[in-house]
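What follows is the residue order along each chain.
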Amino acid sequence: MGCWEAKCMSLFLVLITFYLQGTYLQEANEARQRKPFFERLRRLEEQFRRFQEVTLIRLQGIAENYNVSYNINDRFQNLTDEYHAISMSVNESQAAVQMDLNHLKAWIKKTQRRSRKVDSKLLAFERSLNEKSEQNSQEKMKQKEQSTLLSEIEKLQNVIHGQGARLNAVEEQLERILQYVAFSPNAVTDVPLPPQPQKKQQPGQQLLHTKHRHRKKLQQDRLELRTQKETQKLFQDLKRPPLEEKEPNIQSGRQTVPSVDEILKESRQSQASQKTGEICNVGSMLVFPNTSTENVVTFSPGFLTGLRELSICTWVRTSSSYLGTLLSYATEENDNKLVLHGRDTLVYGTIHFVIGDPAFRELPVGLLLDSRWHHICVIWSSIQGKYWFYVDRRLVATGSRFREGYEIPPGGILVLGQEQDTVGGGFDSSEAFVGSLAGLTMWDRALSPGEVSSIATGKVLPRSVLLTLANASSLDGFVKRVFCTCLEHCS
């Protein structure tokens, strides 16, 4: 509308201009005729010029106002677009806020339900706490009883392991007494002699013979009295309280007293084995020919119950410069629950005895690296964390505070000949065992020194055997099994 008015005004001004020019020419023609008329025309021309100037000024103002109005329309259009955009964003924001509010309401409802559940659990927990508080006194009494029982078991173990040497000494003393009695004149006189023809003796000879016989009988009586005193002294030593209990009974917590007949029987068996020079009750032998990572023997599952005590005994023969890894027990929780670990980078003549990584103790095994058969026993007890390491019946390492109160968990995999980095795998050839293992046996208790000596001399295995080589589930790689009852036949 503003543009149309501006065009009409411009056309109107042009028409007025032409009209005024035509009027001016007509008046000029008439002025020739009348001079006063020219004066009036000049005034009109001046007025027209003023009017023209004012008109031009007004037109410029109108043009300026038109440009301003045009710019204002563009601005209004931009503002309108911005308003629509803002409206859309506001609508979107409102929708998002509404969704958040809905989620918040749902979350509040869930939180309220959970709070109610938590309140119910807290109430139940409070009731259980009240019940447990009532049971605390009973549990404390039980703990006191357990602590006293553990202390008694510890004292019993100390007595058993401390008297091992004394039992061996008593056994040797008994053997010497038996040999002494066997070769004494009293033993000879017990055998009936064949009848001899009686000779006719002179009265003097008969007197000398009677004196000699009385002297000989007096010597025999003295010898018998001395032998009886030594035997009584030995039996009194055997009946002393420290030696009164020999082998522990896990179920009853007490020990049995060996009879004299049993001691004599064991003495005869040891003498027989020393005469023959054979060590039997070995069972079978495993041969690990090289360092291949495939040479493994697996027990799966390894242990069915948790172990707080453990004894491992075996015969070992190796020609290598290091012992290698004898066994490794791994679970999903830890791959080093129980390891006898050796490798070529360790200190010469040592292996690591690991229980529950990273705790370990170093055991000296330099005596085993001579290509001969040697008997070893590794014993551990969670009571004060004590451990013992025997080589050929001799205690070469011991200590305490090693995994005190720890329990080896069940359900893992036991492997011979390699160290597991993962359950049932992750083997390294530098940790492999190369050699032979014979008669490997494990117990779920701590063996006494007398029992270790009995195993090393080829006697009957002690009770409570946990597993042997017969329990192996698989032999892999180049491992060979050789059945042999006596060690001399395991070649």
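Going by an unreviewed UniProt entry, the chain carries the name Pentraxin 4 and comes from Vombatus ursinus. We quote the UniProt Cofactor (unreviewed entry) comment for the chain here in full: "Ca(2+)".

Along the chain, S300 connects to P301 via a cis peptide bond; the corresponding omega equals -5 degrees. Mapped onto the elements of the fold, P301 is located in the loop between β4 (297-299) and β5 (309-317). We note that Q384 has phi near 60 degrees; this positive angle belongs to a residue other than glycine. Relative to the helices and strands, Q384 is located in the loop between β10 (374-381) and β11 (386-391).

Turning next to the environment of C280. Note on placement: C280 falls in the loop between α6 (260-276) and β3 (284-288). Taking the relative accessible area as the measure of exposure, C280 reaches 24% and is therefore partly exposed. On a C-alpha basis, the gap between C280 and E488 in space is 8.3 Å, while along the polypeptide they are 208 residues apart. Apart from the residues lying within four places of it in its own chain, the contact partners of C280 are G458, T485 and C486.

Looking now at a nonpolar patch on the surface. A surface patch of nonpolar side chains, about 460 Å² in accessible area, is lined by V97, L101, L104, W107 and I108. By the element assignment, L104 lies in helix α2 (residues 35-162).

The strands making up a sheet associate through hydrogen bonds between their backbones, and the pairing can be parallel or antiparallel. A sheet is described by the order of its strands in space; here seven strands give the open sequence β9-β8-β7-β6-β13-β4-β16, paired in antiparallel fashion. A single partner strand is all that each edge strand has here, and the edge strands are β9 (360-364) and β16 (474-475). Strand direction decides the pairing type here: β4 and strand β13 (residues 413-416), joined by three bridges, are antiparallel. Bridge pairing in β13 links F299 to L414.

Moving on to the packing of aromatic side chains. As enumerated under the stated definition, the model contains four aromatic pairs in all. Note on F303 and Y329: the rings are 4.5 Å apart at their centroids and 40 degrees apart in plane angle, and the pair reads as tilted. One end of the pair, F303, is in the loop between β4 and β5; the other, Y329, is in strand β6 (residues 327-330), and 26 residues separate them in sequence. What makes F303 buried here is its relative accessible area of 2%. Take Y329: its relative accessible area is 0%, and that puts it in the buried class. Every member of this aromatic cluster is reached through a ring pair, and the members are F353, Y387 and F402. Sitting above the plane of the Y406 ring, R403 keeps its charged end 4.6 Å from the centroid.

Grouped together as the largest cluster of nonpolar side chains are 42 residues, with contacts concentrated most on L338, F353 and I408. For I408, the contacting residues outside a window of four places in its chain are F303, T305, G306, L307, L310, Y329, L338, I355 and W380.

A separate point is the state of the cysteines. Each disulfide is one covalent bond, formed between the sulfur atoms of two cysteines. Tallying each qualifying case throughout the model produces three disulfides. The side chain of C280 participates in a disulfide bridge whose partner is C486; the two sulfur atoms lie 1.9 Å from each other. In this structure, the disulfide formed by C280 and C486 twists by about 80 degrees around the S-S bond and is classed as right-handed. One end of the pair, C280, is in the loop between α6 and β3; the other, C486, is in the segment after β17 (480-483), and 206 residues separate them in sequence. Given a relative accessible area of 6%, C486 falls into the buried group.

Turning to its location among the elements, R445 is positioned in the loop between β14 (435-443) and α7 (449-456). Reaching out from R445, the side chain makes a polar contact with the backbone oxygen of R463 at a distance of 3.4 Å.

Considering all chains together, one arrives at nine salt bridges under this definition. Across the pair E39 and R42 runs a salt bridge, and its minimum N-O distance is 2.9 Å. One end of the pair is E39 and the other is R42, both in helix α2 and three residues apart, which spans about a single turn. Residue classification places E39 among the partly exposed residues on the basis of a relative accessible area of 38%. A salt bridge links R343 to D428; its shortest N-O distance comes to 3.7 Å. Of the two residues, R343 sits in the loop between β7 (338-341) and β8 (350-355) while D428 sits in the loop between β13 and β14, which places them 85 residues apart along the sequence. Overall, the relative accessible area of 24% leaves R343 in the partly exposed class. Overall, D428 belongs to the partly exposed group, its relative accessible area being 27%.

Criteria and cut-off values
Residues numbered from 1 in each chain as written. Predicted model: local features only at pLDDT ≥ 70, side-chain atom pairs only at ≥ 80, totals over all residues. Heavy atoms only, no water. UniProt positions renumbered as here; feature names shortened; annotations may be inferred. Helix = DSSP H or I, 4+ residues; strand = E, 2+ residues; numbered from the N terminus. Buried < 20%, exposed > 50% of the residue type's maximum accessible area, 1.4 Å probe, protein only. Contact = heavy atoms within 4.5 Å. Patch = residues over 30% accessible without salt bridge, like charges linked within 9 Å, V, L, I, M, F, W, Y side chains within 5 Å. Areas by Shrake-Rupley, 256 points an atom, 1.4 Å probe, with all protein chains shown as cover. Salt bridge = Lys/Arg side-chain N within 4 Å of Asp/Glu carboxyl O. Pairing = 2+ DSSP bridges. Phe/Tyr/Trp six-rings, centres within 6.5 Å; stacked < 30°, edge-to-face > 60°. Lys NZ or Arg CZ within 6 Å of the ring centre and 35° of its normal. Core = buried A, V, L, I, M, F, W, Y, C linked by side-chain atoms within 4.5 Å. Disulfide = S-S within 2.5 Å. Polar contact = N/O pair within 3.5 Å; in protein donor to acceptor, adjacent residues only side chain to side chain.

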